[in-house]
Every structure is written in C-alpha cells, then in structure tokens.
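What follows is each chain in one-letter form.
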Amino acid sequence: MMRSLKLRKGSYRTVPGKYYGSPKEVWGFRTDPDRRAPRKIAEDFLKENHKLFKLEKNLDTLHFRKTIRSLGAHHVIFQQRWRKLWIHRAYVTVHLGNEGSVYMAKNRAMPKKLLDKSKDVRFCVDVSAARVRAIKAIRDEERSLPKRRTERRRRMEKRLFPLKKKILPAYRFRFYLKNPREERIIYIKASDREPRLLQDYDNLAHLDAPARVFDPNPVATLGDHRLLVTAGKKKHPKLPPPDAYRDVTLTGLRKPGYLQGPYVKINWRVKRNKNEFCFKSNQRGFKDVMAYYHIDTVVRYLEELGFRVRALFRKPLEVNAYGSPKDNSWYSSGLWLLTFGYGGVDDAEDGEMILHEFGHALQDAICPDFGQSREAAAMGEGFGDYLAASFFAHKKVAEYRTSLMSWDAIASDKHNPPRVRRVDEDRTYRRFRDRANYEHTNGQIWSATLWDIWETLGREKADTLIIESHFQLDAFTTFDRGARAILDADQNLYGGRYRRRLLHIFRDRRIGPLTRRH
Ligand SMILES: [Zn+2]
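Residues numbered from 1 in each chain as written. Predicted model: local features only at pLDDT ≥ 70, side-chain atom pairs only at ≥ 80, totals over all residues.

**Q** Got a sec to walk through the overall build of the protein? Specific residues and values, please.
**A** Check the secondary structure of the protein and you find 13 helices and 18 strands. Its C-alpha radius of gyration of 26 Å places the protein within 12% of the 24 Å reference for a compact globule of 518 residues. If one aligns the C-alpha atoms of the protein with their principal axes, the spans along those axes are about 80 × 65 × 40 Å. Put simply, the protein has 518 residues, and 43% of those count as buried. Taking all contacts inside the protein whose residues are at least 6 apart in sequence as the whole, residues at least 24 apart take part in 58%. (Helix = DSSP H or I, 4+ residues; strand = E, 2+ residues; numbered from the N terminus. Rg over C-alpha atoms; globule rule 2.2 N^0.38 Å. Buried ≥ 20, exposed ≤ 12 C-beta atoms within 10 Å, placed from the backbone. Contact = placed C-beta atoms within 7 Å.)

Rendered as structure tokens:
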C-alpha cells in the first residue's frame, strides 16, 4: 500500500530561505515508515511536496548524487543541474530514519521560476583569461607568506553560480598548494567581458593522520581496573600496557603536523615534522592528541545525528591539555577554551573527562552562558556526565558502563569499579540541595534521569532528544523546564511517540510539576 508522503499544513516547521521564497529546511515532522529504498522514498517525498520546496513537479533539474548512511538514518543527496551544468551549492537532502520515515529535508535548489528568468548564461570570458585571474588571487596572497608556495595540480570545471536571485556562468578552478597545504577552490565569473573573482575558499578539511589514543580510557579497554594500579595501601596508577591503546585516524587536520581542525584547535606543544601522532601516555603530546581525537569524533557524531555543530561553533574550540597542575579541568565560555589539569592522573588521559568538559562547551554554544542558576549548573554537570556515559557505553563492559572516568579516579577512589561519578545513582529531585558547590552532587539527579531515557529509548534517540531540548532552554533553566523541553523535542521530532515513557521517567525522579498530574 502506498501511503501519502505529502506534508499537511501546520504539521511541520521550516527555516525560511533568504532569496528564493522556499524553505531552506523543513523539520518537526515524521512520515510513516516505508520499506522501499531510501532514494525512492526521498524522490516521492520531494515530488509530493514539490510546491513547498518550489521544485518542478517531476524533479527535472534534480540529480541523485548519493545516499549516506549514519547510525540511525539515511541521508539522500541530490544536486541541481541545469543546461547540463551543476549549480554550485544547490543541494537538496532528504533525511530518513532507518525505518524509512522522512523527518527532515534541506533545500538549496533554485526555484524553477528563477532559473527560467536567467536566460543568459553564456560563457563570455575564455578559460585562459579566467585562469590568469584565479592564479592572481593566489599570487596576491603569496606575497604575505614567508615561504613561497608551489602550485601543484589544478582542475577546471564549468558551473553555474547562484548569486542572490540570479544565476551566473562561472569557471571553477581547484588548486592543490603546498606550504601550507591547501586545496583552493576559486570561482571566476564568466558572463562579463572581464573575468571577475566570485569566490575563493580553502576546501582542505580531509587531511588524515594516524594516531594512538585511549578510547575512552585504559580501564574501559582492558576491562579490569586492577591491572592498572599498584597493590598495597597507597595506590599508584601504573603506566598502561600497549594493549590499553587503540590505533585511530585523526581527521580534518588543516596542516600536516598540527592538531588543528574544523572543530578543535590545540595551540600548545604539538608540532610534528611527520604527519603522525603516535605517543605513549607519558610523552608530551599524548594528551593533546586525546583532546583532538575525542572532541573531533563526538562533533562528527552529533553532525550525523543532524545537528549542525559547524554553525553553532563559530570557530574551533581551543584546548589546553596541560593547563593546570591541579586535578581539575574547566571550560571557559569567554575564551571558548577547555583547560585540563595534570594533578593525579592527567585529566586529558581520560576520554570521559574530555567529553564531560566538551558537554559544557556544547551547552554554551546552544544556550549562551548556560548554568547561571543552581538547577541549571547541576543540569550542566549532569549533561556532561550523561554525554560521556552515552558516547562510550558501547566500548565498555557492562560492569563499567555507568561508572565514569575510572582511569582518572583509579588511585583516589575506593569504589569498585573506581569512578569520579556514576550516572545511575538512586537519587530523585527530592534530594536536590539548594546550596553552593553542590552542582556535581545535584547533577547526579539529572544525569540519572537522562540515563533512564538512554536505557529506555537507546543511545541515538536519547542523545537526539536531549541535545535537541537544549535549543529551547536558557542560562537560568530548571529541571522542570528541562524535562518539558525533552517532551517538546519528542513532539517535534517523533510526534510525541515517547511521551508516556518520558513522563514516567520524570515522575519517578520526582521532576517537574507537569508530572504530578499522573
Ligand atoms: Zn563540569
């Protein structure tokens, strides 16, 4: 049976576009499950809603590029093509859950009406003149560089370039440069007599490098904390053995040898002559690699969930992995900086500590200066712990799953397993203490509540709902409003499918007046 994929008025939300009169994004809905191929569903979805997106009825100008699979979703990507030329940036993407329900679509296609108005897309400038202009853009910049750069290869392609409501013929040149390494993409306008620069950007974000990390920490990887601590009364951490490490690939590096990427920037110490980052934990640089790897990896996961972290982070988050001799780490909102202490086990040797601090930065990026009331501060601590627990749960044996930062706590905590905190404490809101310096203890009420959601809905749904809920919170929020925001997120994303289960969780944790009715 074919169900309609047409969106009814009022059943979805939009992000309006600037020039086209069509929405840039449509979200807050979920179509019925559908077992057909994602591409087929996506095409039908666009056809049935072509008026909303201002596309032509039969999608003549849209060409299928690829389907990307993330953990819980398929992302079907189309690009617009007109008069046999690709239109720059004109992507349309349809996002479907694994069960085939469309839940979001993004649209940068130029409406057919506007295309028809742009009759004249002739290439008046010839390609050699355009190339000279493109090379000039690079040369002008080279003058300010200490070392001269060498141009290696280049490629040219004809494209259409949208500029506000118009479309322009353009040559696209791609240059591969060294010192520093860049992949420059330059668009030259070809409709006038003179070649003119339309756009010039560095596209290089794909430099990878081998590295060695704890993922998240040696206790989780070895599955037994007793192997990592000396016997006797006064315990000391041992240097972890080789099998406590994992070989990974760092992605997104801008320059070979530097730990700087689109989301994280490590300004201290690490500069390798080779593009390789394999250290032992007692070597300089190891903690920088840990911070880079774990933050870059969690951001990429969040982007896969659909959150546009790149837009939230105006610039890469800075990290000082050796920032304090104390056993303490913090996030500075004003400096957009994470600082890790090296008292006891160095904090940045534990991936869960890194994720906790990153949680503060993420909240602050979504709601500026989050945590300015006692309840909001506790929610900040609880969220950081939740994020660390959720992100690494599948890498830990069950016994360690809800104990956090076991490596950081290995010599100082007497519990079994050792931990800084747990996310499954038996605490309810009745135990909330309205006192200063109590945010970590109070935070365990919130992290346990979030963990209940994780246990009930699974990682991806829980993460999505919890992060989505932050967008409607503010710096002075409360547990009650936090709970309500999660319910709203469930309504927006999943049509309220989990409302009853969520209400049950909040009621059991004694959170919010909204649950007292039940
Ligand atoms: Zn914290």
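**Q** Tell me about the pairing of strand S2 (residues 23–27), and please be specific about residues and values.
**A** Note: strand S1 (residues 13–16) against S2, four bridges, orientation antiparallel. Residue Pro-16 lies in a different strand from S2, and its bridge partner there is Pro-23. Counted along the chain from S1 to the antiparallel partner S2, the turn is six residues long, and its residue Gly-21 has a positive phi close to 75°. Looking at chain direction, S2 and strand S6 (residues 102–107) are connected through two bridges and run antiparallel. Pairing of Glu-25 across the sheet is with Lys-106, part of S6. (Pairing = 2+ DSSP bridges.)

**Q** I'd like a description of helix H9 (residues 374–392), backed by residues and values.
**A** Between its terminal C-alpha atoms H9 stretches 28 Å, which fits the 27 Å expected from 19 residues at 1.5 Å a residue. Taken across its 19 residues, H9 has 18 buried, putting it largely inside the fold. (Expected span 1.5 Å × (residues − 1).)

**Q** Describe in detail helix H1 (residues 38–48), supporting the description with residues and values.
**A** Those residues of H1 that sit buried are Pro-38, Ile-41, Ala-42, Glu-43, Asp-44, Phe-45 and Leu-46. Where H1 is buried, its residues meet helix H2 (50–53), strand S3 (62–69), strand S4 (73–82), strand S5 (85–97) and S6.

**Q** Explain unusual backbone geometry to me, using residue names and the numbers behind them.
**A** In this structure, Pro-216 follows Asp-215 across a cis peptide bond, with omega equal to -5°. Of note, the bond from Asn-416 into Pro-417 is cis; its omega dihedral lies within 30 degrees of zero at -5°. With respect to the helices, strands and loops of the structure, Pro-417 is situated in the loop between strand S17 (403–404) and strand S18 (421–422). At Arg-89, a residue that is not glycine, the phi angle is positive and equals roughly 65°. Mapped onto the fold, Arg-89 is located in strand S5. Here Asn-437, not a glycine, exhibits a phi torsion of approximately 55°, which is positive. In this structure, Asn-437 sits in the loop between S18 and helix H10 (439–457).

**Q** Explain the nonpolar core to me, and be specific about the residues and the numbers.
**A** The biggest cluster of nonpolar side chains holds 126 residues, and the ones touching the most others in it are Val-289, Met-290, Ala-291, Tyr-292, Ile-295 and Ile-453. Ranked by the residues each element gives to this core, the list is headed by H9, at eleven residues. Not counting residues within four places of it along the chain, the set of residues in contact with Ile-453 comprises Ala-462, Leu-465, Ile-466, Leu-502 and Ile-505. (Core = buried A, V, L, I, M, F, W, Y, C linked by C-beta atoms within 7 Å.)

**Q** Lay out the sheet that holds strand S15 (residues 330–332) with the relevant residues and their values.
**A** Strand order in this open sheet of four strands is S13-S14-S16-S15, and the pairing throughout is mixed. One side of each edge strand has no neighbouring strand; the edge strands of this open sheet are strand S13 (264–266) and S15. Averaged over neighbouring strand pairs, the angle between their axes works out to 30° when direction is ignored. Of the pairings in the sheet, the one linking S15 to strand S16 (residues 337–341) comprises three bridges and is antiparallel in character. Within the sheet, the bridge partner assigned to Tyr-331 lies in S16 and is Leu-338. In the packing of helix H6 (residues 286–305) onto the sheet, the strands contacted are S13, strand S14 (317–324) and S16, and the crossing angle to S13 comes to about 175°. (Axes fitted to C-alpha atoms, helices over the stretch in contact; angles between N-to-C directions.)

**Q** Break down the environment of Arg-196 for me, with residues and values.
**A** Residue placement: Arg-196 occurs in strand S10 (residues 196–202). Note on Arg-196: 16 C-beta atoms within 10 Å, which makes it partly exposed. Taking C-alpha positions, Arg-196 is 49 Å from Arg-246, a pair spaced 50 residues apart along the chain. Apart from the residues within four sequence positions on either side, Arg-196 is in contact with Ile-188 and Lys-189.

**Q** Tell me about the packing of H10 against helix H13 (residues 499–508), residues and numbers included.
**A** Between H10 and H13, whose axes approach to 10 Å, the crossing angle comes to 145°. Crossing of H10 against H13: the hand is right-handed. Residues Thr-449, Asp-452, Ile-453 and Thr-456 of H10 touch H13, and the partners they reach there are Arg-501, Leu-502, Ile-505 and Phe-506. Of the residues contributing to the contact of H10 with H13, the split by class is four nonpolar, two polar and two charged. (Left-handed = near helix turned anticlockwise from the far one by under 90°. Nonpolar A, V, L, I, M, F, W, Y, C, P; charged D, E, K, R; others polar.)

**Q** So, the domain arrangement of the protein: which residues are in play, and what are the values?
**A** Segmenting the protein into domains produces domain 1 (13–112), domain 2 (127–202) and domain 3 (207–515). One C-alpha centre belongs to domain 1, the other to domain 3; they are set 33 Å apart. Contacts between the two partners involve eight residues from domain 1 and, on the opposite side, seven residues from domain 3. Residues that form the side of domain 1 that touches domain 3 fall into these classes: three nonpolar, four polar and one charged. (Domains from an automatic or database assignment.)

**Q** How would you explain the packing of H10 against helix H11 (residues 459–469) if you had to name every residue and give the values?
**A** Two elements in contact, H10 and H11, have axes whose closest approach is 7 Å; the angle formed by their N-to-C orientations is 140°. Considering the angle they form, H10 stands oblique to H11. Like other packed secondary-structure pairs, H10 and H11 cross with a definite hand, here right-handed. Along its contact with H10, which presents Leu-450, Ile-453, Trp-454 and Leu-457, the element H11 presents Arg-459, Lys-461, Ala-462, Leu-465 and Ile-466. Of the residues contributing to the contact of H10 with H11, the split by class is seven nonpolar, no polar and two charged. (Parallel < 35°, antiparallel > 145°, perpendicular 65-115°, else oblique.)

**Q** Give me the lowdown on the environment of Val-423, citing residues and values where you can.
**A** Residue position: Val-423 is located in the loop between S18 and H10. Between the alpha carbons of Val-423 and Ile-135 there is a distance of 56 Å; along the sequence they are 288 residues apart. Excluding its chain neighbours within four sequence positions, the residues that come into contact with Val-423 are Asp-385, Tyr-386, Ala-389, Thr-402, Leu-404, Ser-447, Ala-448 and Trp-451.

**Q** Outline the environment of Gly-359, supporting the account with residue identities and numerical values.
**A** As for its position among the elements, Gly-359 is in helix H8 (residues 351–366). As a C-alpha pair, Gly-359 and Arg-431 span 72 residues in sequence and 24 Å in three-dimensional space. With residues near it in sequence (within four places) discarded, Gly-359 still touches Phe-383, Gly-384 and Leu-387.

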